[in-house]
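Below are the chains, spelled out letter by letter.
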Amino acid sequence: MPSPLRRVCVFCGSNLGDRPAYEQAARAMGRSLLERDLELVFGGGHVGLMGVVADTVLEGGGRVIGVIPRALEERELAHRGLTELRVVSSMHERKAMMENLSDAFIAMPGGIGTFEEILEILTWSQLEIHPKPSGLLNVEGYYDTLIALLDQAIDGGFMPASSLDSLYSGTDSGALLEACAVHPAGRASGAPG
Ligand code: AMP
């Protein structure tokens, strides 16, 4: 059965991290997207895990859309071999466009850029700005502490447990994409073009 998802946004490190498992997981994510004929939306850089996911999808003949702010493009951080590179004027515009283009969002290991991106997507979900699912690819427990922090916010009365109804986590990229695909709003976006 074809996936109800069409485009998936992957947030991940602009560095490779210190464990081989991170890069391996980035390649596996690229292959999982290819197997399901899903387009990749990402931050448009050629560096770190971002570059690994993008290269894996491109090498397999898939489509990759990068969305990068002009300032980063000018610093020659943009990937030059993408299917499509959209250059925008600000980080805010970038995130809005990534949200708009995508049917689901996956965070892989990364730093504060990755955290900020996935948390903003979850915030927009909580505010019902979009109904789309998200996933944490918890490579070697990388996201255990974030999951604990989110649980602490629920236990502490700062957010309802339902705010995480659209968030999945797991160690297998294919299973995570399947969870997003069966989420009620997995293809509710009417993403343009
Ligand atoms: P970080 O996790 O701090 O390495 O930031 C990675 C996230 O921020 C990615 O998902 C990108 O969207 C964005 N980002 C950070 N650095 C770059 C870069 N050099 N080129 C393109 N995007 C970047």
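Relevant structure appears above.
Here the structure is a predicted model, which is why all the values come from computation and not from measurement. As a convention, each chain's residues are numbered from 1 in the sequence order in which they are written. Selection of residues for local features in this predicted model requires a pLDDT of at least 70, selection of side-chain atom pairs for listing and counting requires 80 or more, and totals for whole chains, interfaces and linings are taken over all residues. Side-chain numbers here rest on the full set of heavy atoms in the structure, without hydrogens or water.

Chemist: Could you clarify how one ought to interpret the nonpolar core in this entry?
Modeler: Soluble globular proteins: nonpolar side chains tend toward being buried together. Think of a nonpolar core as a cluster: buried Ala, Val, Leu, Ile, Met, Phe, Trp, Tyr and Cys residues, connected wherever their side-chain atoms sit within 4.5 Å. A 1.4 Å probe rolled over the protein chains alone gives each residue an accessible area, and that area as a share of the maximum for its type sets the label: buried under 20%, exposed over 50%, partly exposed in between. V8, V10, M29, L33, L40, I106 and M108 are the most contacted members of the largest nonpolar core, which totals 30 residues. Runs of H or I in DSSP of at least four residues are treated as helices and runs of E of at least two as strands, each being numbered from the N terminus. When residues of this core are traced back to their parent elements, those giving at least two are β1 (7-11), α1 (20-35), β2 (39-42), α2 (48-59), β5 (104-107) and α7 (173-182). Throughout, a residue-residue contact means that at least one pair of heavy atoms, one from each residue, lies within 4.5 Å. When residues no more than four places from it in sequence are discounted, the contact partners of V8 are L33, L38, E39, L40, V41, S102, A104, I106 and L177. If you look at the next biggest cluster of nonpolar residues, it comprises 22 residues, including F11, V41, A107 and L146.

Chemist: Before we go on, may I ask you to explain the pattern of salt bridges in this structure?
Modeler: It is possible for side chains bearing opposite charge to pair when their charged atoms get close. The salt bridge criterion pairs a side-chain nitrogen of Lys or Arg with a carboxyl oxygen of Asp or Glu, the two atoms within 4 Å. Within the structure shown, the criterion is met by 13 salt bridges. A salt bridge links R36 to E35, with the nearest nitrogen and oxygen atoms 3.5 Å apart. When its relative accessible area of 22% is taken as the criterion, R36 is described as partly exposed. Using a relative accessible area of 63% as the deciding quantity, one classes E35 as exposed. Several salt bridges share partner residues, and in doing so they unite R7, E39, R63, E84 and R86 into one network.

Chemist: I tried to follow the layout of surface pockets on my own but got confused; where do I start?
Modeler: A water-sized probe rolled over the atoms picks out the places where empty space is left. Grid spacing is 1 Å over the protein atoms alone, the probe is 1.4 Å, and a cavity is where that probe fits but cannot get out, while a pocket is an open set with protein on both sides within 12 Å along at least five of seven lines and lining residues have an atom within 4 Å of a point. Grid points are joined across faces, edges and corners, and a volume is the space filled by probe spheres set on the points. Taken as a whole, the largest pocket holds about 460 Å³ of empty space. Lining the largest pocket are 31 residues; nearest its centre among them are C12, G13, S14, M50 and G113. Contributing elements (two or more residues each) for the lining of the largest pocket: β1, α2, α4 (91-101) and α5 (112-126). Among the elements that take part in the lining of the largest pocket, α5 stands out by supplying five residues, more than any other. Among the residues forming the lining of the largest pocket, the class breakdown is 17 nonpolar, 10 polar and four charged. Each residue is assigned to one class: nonpolar for Ala, Val, Leu, Ile, Met, Phe, Trp, Tyr, Cys and Pro, charged for Asp, Glu, Lys and Arg, and polar for all the others, Gly among them.

Chemist: Looking at this model, I keep getting lost on the sheet that holds β2. Mind explaining?
Modeler: Working definition: the strands of a sheet are paired by backbone hydrogen bonds and lie parallel or antiparallel to each other. Strands were regarded as paired on the criterion that DSSP finds at least two bridges between them. Within the open sheet, the seven strands sit side by side as β4-β3-β2-β1-β5-β6-β7. Their pairing is parallel. Looking at which strands have only one partner, the edges of the open sheet turn out to be β4 (84-88) and β7 (167-170). Geometrically, the sheet is characterised by an average inter-axis angle of 20° between neighbouring strands, direction not taken into account. In this structure, β1 lies alongside β2, joined through three bridges in parallel fashion. Counterpart to C9 in the pairing with β2 is V41. Its contacts with the sheet place α4 against β1, β2, β3 (64-69), β4 and β5, and it is angled at close to 160° to β3. Every axis in this analysis is a line fitted to C-alpha atoms, fitted for helices over the stretch in contact. Angles between the N-to-C directions lie between 0 and 180 degrees.

Chemist: Hey, could you run me through the site of the ligand in this one?
Modeler: Near is defined per residue: the residue qualifies when any heavy atom it owns lies within 4 Å of the molecule or strand. The full set close to the ligand counts 18 residues, and S14, R94, G111, T114 and E117 are the nearest of them. Think of a polar contact as two N or O atoms within 3.5 Å of one another; within protein, one of them needs to be a possible hydrogen donor and the other a possible acceptor, and neighboring residues in sequence only count if both atoms come from side chains. In the environment of the ligand, an oxygen atom lies 3.3 Å from a nitrogen or oxygen atom belonging to the backbone of C12. Within the side chain of S14, an N or O atom sits 2.7 Å from an oxygen atom of the ligand. In the complex, 87% of the free accessible area of the ligand, which totals 480 Å², lies under the protein chains. The rule for placing a molecule in a cavity or pocket is simple: more than half of its atoms must lie within 2 Å of the grid points. Given that more than half its atoms are within 2 Å of the pocket grid, the ligand belongs to the largest pocket. Considering each element in turn, the shell around the ligand owes the most residues, four residues, to α5. Here the shell around the ligand is composed, by residue class, of eight nonpolar, eight polar and two charged. Residue exposure ignores everything except the shown protein chains as possible cover, and the areas themselves are Shrake-Rupley values with a 1.4 Å probe.

Chemist: How should I be thinking about the packing of aromatic side chains in this particular structure?
Modeler: Aromatic rings considered in pairs are described by the distance between their centres and by the relative angle of their planes. Classification of ring pairs uses Phe, Tyr and Trp, with its six-membered ring standing for Trp, and accepts pairs whose centres are within 6.5 Å; under 30 degrees between planes counts as stacked, over 60 as edge-to-face, and the remaining range as tilted. The full count for this structure, using the stated rule, is four aromatic pairs. Their ring planes at 10° and their centres at 6.3 Å tell us that F11 and F105 sit as a pair that is stacked. Of this pair, F11 sits in strand β1 while F105 sits in strand β5; the two residues are 94 residues apart in sequence, bridging distant segments of the chain. A residue is classified by how much of its surface remains accessible, and F11, at 2% relative accessible area, is buried. Between F115 and Y143, the ring centres sit 6.3 Å apart and the planes meet at 75°, which makes this aromatic pair edge-to-face. Taken together, the residues F115 in helix α5 and Y143 in the loop between β6 (134-137) and α6 (144-155) connect sequence positions 28 residues apart. For Y143, a relative accessible area of 1% gives the class buried. Each member of the aromatic cluster is reached from another via a ring pair, and the members are Y22, F115, Y142 and Y143.

Read these as geometric descriptors, not functional statements.
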